[in-house]
Each structure stands twice: as C-alpha cells, then as structure tokens.
There are 2 protein chains.
Amino acid sequence: MATIKDVALAAKVSVATVSRVLNESGYVHEETKTRVLKAVEELNYHPNEVARSLYKRESRLIGLLLPDITNPFFPQLARGVEDEIHQHGFRLIFGNSDEDLEKELDYLQTFKQNHVVGVISATNYPDAPNYKDSSMPIVFLDRTGAHAPSVFADGREGGRIAASEIIKRHSKRITLMKGPGHLQTAKDRFNGALDILSKADVDFHVMATETFSFPEAQQRAAELFSFYPGTDGIIASNDIVATAVLHEALKRKIKVPEDLQIIGFDDIPQSELLFPPLSTIRQPAYEMGKEAAKLLLSVMKNEYIEQSAVQMPVTFIGRQTTRKADDNE
Amino acid sequence: MATIKDVALAAKVSVATVSRVLNESGYVHEETKTRVLKAVEELNYHPNEVARSLYKRESRLIGLLLPDITNPFFPQLARGVEDEIHQHGFRLIFGNSDEDLEKELDYLQTFKQNHVVGVISATNYPDAPNYKDSSMPIVFLDRTGAHAPSVFADGREGGRIAASEIIKRHSKRITLMKGPGHLQTAKDRFNGALDILSKADVDFHVMATETFSFPEAQQRAAELFSFYPGTDGIIASNDIVATAVLHEALKRKIKVPEDLQIIGFDDIPQSELLFPPLSTIRQPAYEMGKEAAKLLLSVMKNEYIEQSAVQMPVTFIGRQTTRKADDNE
DNA sequence: TTGAAAGCGCTACCAC
DNA sequence: GTGGTAGCGCTTTCAA
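Residues numbered from 1 in each chain as written. Chains lettered and ligands numbered in written order. Predicted model: local features only at pLDDT ≥ 70, side-chain atom pairs only at ≥ 80, totals over all residues. Heavy atoms only, no water.

Attention now goes to the pattern of salt bridges. In a structure, side chains of opposite charge can pair up when their charged atoms sit close to one another. Residue and element names in this part refer to chain B. This model, assessed by the stated rule, comprises 46 salt bridges over all chains. With a closest N to O distance of 3.7 Å, Glu 49 and Arg 52 form a salt bridge. Linking Glu 49 with Arg 52, this pair stays in helix α4 (residues 49–56), spanning three residues, or about one helical turn. A relative accessible area of 7% means that Glu 49 is categorised as buried. Salt-bridge contacts for Asp 267 lead to Arg 319; the nearest nitrogen and oxygen are separated by 2.5 Å. Residue Asp 267 is found in the loop between β9 (261–266) and β10 (279–282), and its partner Arg 319 is found in the segment after β12 (315–317); the two are separated by 52 residues along the sequence. (Salt bridge = Lys/Arg side-chain N within 4 Å of Asp/Glu carboxyl O. Helix = DSSP H or I, 4+ residues; strand = E, 2+ residues; numbered from the N terminus. Buried < 20%, exposed > 50% of the residue type's maximum accessible area, 1.4 Å probe, protein only.)

Below, the structure is given as structure tokens:
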C-alpha cells in the first residue's frame, strides 16, 4: 500500500502539501494540486485510517452494540443505523452483548481502544458506570430514557392502542400478556394496555411470560388456552409470543379472528408472512436506527439537541388476526 | 485515557519494559513486572489499539461483508462469525453490500484502511479484482468456490434431497421453482433437484422466480396456481418463496400437506413459526459462519489448509408441509 | 534485565 | 504557497 510519502515523492512535493490537498486545508497552488491528485491516482493511494486516527485521536468508526442480531427485531435497527452513518463516511464496529453486562463492558472498552467517535447501544444497563464517565458520545437505542440521548418507541402508547383496537373490535374477555420484567420496553407496553383495559367495560386477565423465546412462549400459550378457554382476545407481549399464541389457537381449531383476536407488538418482518398475517403494533425499527444515528451525529458535532429523548410513533397494523372495526368511530 | 507513558512513569520503568510485560515478550524481572501490573491496575490502563495497529500494521479487526443483514438468512451467519472470532480476541467491522459491487469495493477499501487482519465476504463477485490482489486474507461465505477459501452449503445435494423427499412422499405433478439466475447457490439447488426429477417417474415443470422478495414471490405463487392447478408438490427456491406459496395455497383452501406438499430451502428461523410449520432443506447458517471464521483464522496463521472449500451438509427438516414418508425406505 | 530511540503514516504547527 | 518536523501511543531493535 502506497503511503503519503510515496505520493509526495511522485508529485515532487512534501508530505505536508499532500496532506493539505487531501484534506483541503490551507493554501495550495492549483497546479501543485493537480500534480498531487495525479500522483494519488497513479499510485492508487488511499490514506491510512489508522495513522490518521492515531494522530487525531478519533477514527471514522462508530460502535454498535445490540443484544442479539439473531433476534428479528434488531437487523432492522442495525440497517437503519448503518445506512445513515454510511452516508456520512462512518463505518460500524459491531457486537452482540446477549444482554450481558460483562460483554457490554468489554465491547465498550474495545470501542474506546479503537477510537470510535461514538456508540449506539441497545443496552439494558444504561446506568452502568461505563456509560456514565465515558469519553465518547453515546446514544441509547430502543431503550427509554436514562439521562442520556436516546431513541425509543412509544411503548406505553402502543399498549394503549393495542388495547383500544381490540376492544373496539369487540373482544370481551381479554388476555394481556406481560413480557420480561427486566425490560422497560415490555413494561411500558404492558402498562399502556393496562391503562385502557382497567377503564374499559371488559373482563381481562394478565399472564406473565418471562422470556420472548418461542418454545417457552408456546408452552405458555398452551397453558393460556387450558386455563382461560373463554379468552376471545389476546394482547401479546411481542410478535414472537403472538406467533406462538396463533399457533396454539390454530392447533386447537379456534377461529382467528372470528372467535379470537390476537395483537402482537413490534411488527417484525415475518409477522406479515404468517397465516393469517398478524395484526400488530408496529415499531418503526429501521427509522429508529436512522434516528439514533442522526442523533449521535448531532451529539458528535456538538450541535444543540432540542430533543434528546426521541420518542418514535407507534402504529396499529390491522392485518388478519383482528376483525374489521366498526365504521362509526 | 492513560497511556503507556503514564504507566511507565508510575511504575518507574521505561515504556519498553511496560510493553514487555504487557505483551509477555522478552525478559523482565518478576518484581518489576508486579510493579508494572500494579500501575496498570491503578491507572485503569488499556492499550491503545490504534497505536498498536499502526506500528504492527494489523489490527484486531475482521471485516464482515454481507448482502443485507435484514434478510433473515444472514443474521445467523453473522452471529456464527462473531462468536468464533470474539473468542480469539477479534472484533467485527461490518457492512451491507446490497449485492452492489461499488459498495463492496468501498467496504474492502475501508477494511484495508483500517488494517483489518482478514475479511469474510458473502459476495456475488468473488472474482472482482479487489478480491484477487488483496493483501488481506479473505474467505468467502455462502458462496461456492472461486479459487479462494470458502464455506458454503451443499446446495446441489440440497436440491436432490428436496426432490427425493417430495417424490418419496408421493407428489406426482411437481413444480420446481428456480431462483435468481445470478446466484450460484440458487442454481445449485435447482440443478440438484433437476437431477432427481428428470430421472424420476413424475411430471414436473419449472417456474422461474427472479427474486427472493416476498411480494414478488406472492405474485408468482398466484400465477403458479392459476397456470398449473394440478400441482401437488412444490420445491421452492427458498423459504421466503415457500412461504408465499404456502400463503397462496391456504388462501385457496388447498389442503397442505394432504393435497399439496411444499418444501423450502434455508430453514430460516421463521419457517418453524409458520402454520403449518414449513418443511425445508436446512443450511446450517450459524455453523457456516463459525466455520468461515475458523477458516479465516487458519489462513491468517498461515496454517496448512487441507480443506479450502468447506462444504457444509444440508439436511431435510420434515415439518408439516410434507406428509409422512412411507416406512419402507 | 532494562532503557533509549527509531519508526509505523498521518496532521498541524511554524518558519520561510 | 510550501516544506520541515514534532508528535499521536505503541513495539522492537540495539546497546548497555
């Protein structure tokens, strides 16, 4: 690989001049510039990012920390982030944390050691020390609040919408499934649904599901129908759980949506591919990723941030696990 | 952030000595070592990877290039790669190429500029110049052959298995769907199925689907049933297409698997979540990622590679879109 | 067993 | 306008 020295030699100028034309900093004669550019071209020169990063103490890398890229909600986020930062010349260094604090810390360390200019993290531990004293800008993604900049979906409103929509469609004995207790997002949507249900003229009961894993959800779904056979509407804690419920219902020949309505949460890509396609509360994952990236970019530029907690809107996607709503609404 | 100089000062030794204890290179007195380690501890020192990378001309980063992380097949691959390299102290710099050569080149450039020690790429252009003259070790993933090391699934055998299994289960008028022509993997599985079908005592016809996108697949599926209503077995080009076919069949109240069997390809996570769950040919994506990482690590260490084209086995996953096979087999 | 110093490739300051 | 050069933080001779 050619270095700046080679270019300088070829163009018969000093490295300082080469640096100037490359970075468009300082004065340089038009003619010299041409010579340099020509040399760059001929030698197929590409600046060494590492050297640059060492001197400037910052790279063009951004760290992205996700719980598990294998979970279908996250690829969308990742893609949103990547698309946005790529435009601005940044690249991603990426890791899965498995919601494990040790691993997170390890990654944050790595990020710092590699001079990343910022990090985007979907952590459950936004209050961990490494996030506090950190010398690099951080934005939290899919995680509500803390005191740092963050972008997340309006889970509470999502829960409200889910409950309203299912009630509007005349479910009368509703099961509200509660997600893992350690996830704020899960709590939010649960509480939102509770807001509405508790005020409405319907029976409902709550069922806890401590994970979002499909096999466990399947088991809980089976229990659900055994214990509460009269249920005619289910608000699931997310689309995976909703899928398990749908499975179980279909297995039991329960007619969906005629006799049982189901609403999920997230709108992961495969929800549309189910049969019948799943009605759900959509989180705009891709856009959330983009938004987080934009926020980070702003923070990096020390721009004034008017909204440091960006709450993204959530929408009801009525597919075929819910009935048609009455028109008079 | 503390530097090696700070540590040296605190431990009252030279930076050379600190470097020696950190890298366990050269002799250093036990006592001095203790002093250094203590200083490291106290200052919470972590070596600057960038400086190290500049001098050594290699980082601890590995480049991963995937067409689109949003495509459900790839997260598994990515995870496999990450888990494997993480163990060995490497981290990932990651990009989506969208199967676009320009973008790939751009990323390869970035990788090189950042001193990655190797790259794993799922490219459609393994023969592009940037992959040839490259100064960094490369292994291709999910891409068959070229002359470089690669790991991929045995698509041809997969196609054969799919055809055999559907025939064994008594489909008599089979539709074989052919995937995008520019993808070698798609061609392989198609040819494999053709091998078997053409020798078997069944009617079959071929239908081309030029993309793996769901909406288009849906349309093709609709056409399929209109043009060939007699079809009683479908070998889809992948699970997305199979899902579209399944949808359409269900919509038309065709009984699956009684009157129509469907076999997909890939075994993406959601195939199991469909209703009925999809029978398919499984590619061990996670293991493929791991294997690719192992291969790369070997190449990096200049180890002797006995298998530079690692072909991973493919298996039939009989779920509920195929019937039970006869026992006498 | 240790330290001094060169040098990885680049940027930015200062002098001309 | 341009060039010389210090220095980013590290590793690795080489000499002591």
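Turning our attention to the interface of chain B and chain A. Each partner contributes to the interface: chain B provides 47 residues, whereas chain A provides 47 residues. Carbon and sulfur atoms make up 60% of the area that chain B and chain A hide from each other, which totals about 4,400 Å². Here B:Asp68 ties to A:Arg79 by a salt bridge, and the two come within 3.0 Å at their closest N and O atoms. Linking chain B to chain A there are 26 residue pairs in polar contact (both at pLDDT 80 or more). (Contact = heavy atoms within 4.5 Å. Buried area = accessible area lost by both parts, 1.4 Å probe. Polar contact = N/O pair within 3.5 Å; in protein donor to acceptor, adjacent residues only side chain to side chain.)

Screw-axis analysis of chain B against chain A gives a translation of 0.0 Å along the axis, an RMSD of 0.1 Å, and a rotation angle of 180°. Those values place the two copies in the arrangement expected of a two-fold rotation axis. Taking the C-alpha atom as reference, chain B places B:Ile93 closest to the rotation axis, 2.1 Å from it. When the interface residues of chain B are mapped onto chain A, 100% of them are again interface residues, pointing to one common binding face. (Least-squares fit on C-alpha atoms with pLDDT ≥ 70 in both.)

The subject of this paragraph is the packing of helix α10 (residues 214–227) of chain A against helix α11 (residues 239–251) of chain A. Residue and element names in this part refer to chain A. Running from N to C, α10 and α11 point in directions that differ by 50°, and their axes come no closer than 8 Å. It follows that α10 is oblique to α11 by the angle criterion. Note that α10 runs across α11; the crossing there is right-handed. Along the contact surface, α10 presents Phe 214, Ala 217, Gln 218, Ala 221, Ala 222 and Phe 225, while α11 presents Ile 240, Val 241, Thr 243, Ala 244, Val 245, His 247, Glu 248 and Ala 249. Taken together, the residues of the contact of α10 with α11 break down into ten nonpolar, three polar and one charged. (Axes fitted to C-alpha atoms, helices over the stretch in contact; angles between N-to-C directions. Parallel < 35°, antiparallel > 145°, perpendicular 65-115°, else oblique. Left-handed = near helix turned anticlockwise from the far one by under 90°. Nonpolar A, V, L, I, M, F, W, Y, C, P; charged D, E, K, R; others polar.)

Turning our attention to the protein's contact with DNA strand C. Among the 25 residues in the neighbourhood of DNA strand C, the closest are listed as A:Ile4, A:Tyr45, B:Arg20, B:Thr32 and B:Tyr55. Of all DNA strand C atoms lying within 4 Å of any protein atom, the proportion belonging to sugar or phosphate reaches 67%. Residue B:Ser14 places a main-chain N or O atom 2.9 Å away from a phosphate oxygen belonging to DNA strand C. Here a phosphate oxygen of DNA strand C sits 2.7 Å away from a polar atom, N or O, in the side chain of B:Thr17. Every element with two or more residues in the surface near DNA strand C is listed here: α2 (15–23) and α4 (49–56) of chain A together with α2 (15–23) and α4 of chain B. Each residue belonging to the surface near DNA strand C can be placed in one class, and the counts come to twelve nonpolar, eight polar and five charged. (Near = heavy atom within 4 Å.)

Residues and elements named next belong to chain B. Across the sheet, which stays open at both edges, the six strands sit in the order β7-β6-β8-β9-β10-β12 with mixed pairing between neighbours. Unpaired on one side and paired on the other, β7 (203–208) and β12 mark the two borders of the sheet. Averaged over all pairs of adjacent strands, the angle between their axes in this sheet comes to 20°, without regard to strand direction. By the bridge criterion, six bridges tie strand β6 (residues 173–178) to β7 in an arrangement that is parallel. Paired with Arg 173 across the two strands is Asp 203, which belongs to β7. Contacts between helix α10 (residues 214–227) and the sheet are confined to β6, β7 and β8 (233–235), with β7 contributing the most and set at about 150° to the helix. (Pairing = 2+ DSSP bridges.)

Along its sequence, chain A is carved into domain 1 (4–47), domain 2 (61–153 + 288–312) and domain 3 (155–284). Relative placement of domain 1 of chain A and domain 3 of chain A: their C-alpha centres are 63 Å apart. (Domains from an automatic or database assignment.)

One open sheet accounts for twelve strands, arranged β11(A)-β5(A)-β4(A)-β3(A)-β1(A)-β2(A)-β2(B)-β1(B)-β3(B)-β4(B)-β5(B)-β11(B); its pairing is mixed. Whereas interior strands pair on both sides, the edge strands pair on one side only; in this sheet they are β11 (309–312) of chain A together with β11 (309–312) of chain B. Averaged over neighbouring strand pairs, the angle between their axes works out to 20° when direction is ignored. Relative to strand β2 (residues 91–96) of chain B, strand β2 (residues 91–96) of chain A is paired through three bridges, and the arrangement is antiparallel. Within the sheet, the bridge partner assigned to A:Ile93 lies in β2(B) and is B:Ile93.

So, on to the side chain of A:Thr209. Structurally, the position occupied by A:Thr209 is in the loop between β7 (203–208) and α10. Residues within four places of A:Thr209 in sequence aside, it is in contact with A:Met177, A:Lys178, A:Gly179, A:Pro180, A:Arg220 and A:Ser237.

Turning our eyes to something else, we now look at the protein's contact with DNA strand D. Contacts to DNA strand D come from 26 residues, most closely from A:Thr17, A:Arg20, A:His29, B:Ile4 and B:Tyr45. Atoms of DNA strand D within 4 Å of the protein belong to the sugar or the phosphate in 65% of instances, the rest to bases. Between A:Ser14 and DNA strand D, the recorded distance is 3.0 Å, taken from a backbone N or O atom to a phosphate oxygen. Here B:Ala51 contributes a backbone N or O atom positioned 3.3 Å from a base nitrogen of DNA strand D.

All names here are of chain B. Side-chain alternation along strand β4 (residues 138–141) places Ile 138 and Phe 140 on one buried face and Val 139 and Leu 141 on a second face that is also buried. As paired elements, β4 and strand β5 (residues 150–153) share two bridges and run parallel to each other. Residue Phe 140 lies in a different strand from β5, and its bridge partner there is Ser 150.

Right, let's talk about the nonpolar core for a bit. Judged by nonpolar contacts, the single largest core of 138 residues is most densely connected at A:Val151, B:Val151 and B:Ile235. One finds A:Leu61, A:Phe111, A:Phe140 and B:Leu65 within the second-largest nonpolar core, a separate group that totals 26 residues. (Core = buried A, V, L, I, M, F, W, Y, C linked by side-chain atoms within 4.5 Å.)

The next thing to look at is the packing of helix α8 (residues 155–168) of chain A against helix α9 (residues 184–199) of chain A. Residues and elements named next belong to chain A. For the pair α8 and α9, the least separation of the axes is 6 Å and the interaxial angle reads 40°. The pairing of α8 with α9 is recorded here as oblique in orientation. α9 is crossed by α8, and the crossing has right-handed handedness. Across the interface between the two elements, Gly 155, Arg 156, Gly 159, Arg 160, Ala 163, Ser 164 and Ile 167 from α8 touch Asp 188, Arg 189, Asn 191, Gly 192, Ala 193, Asp 195, Ile 196 and Leu 197 from α9. Of the residues that constitute the contact of α8 with α9, the class distribution is five nonpolar, five polar and five charged.

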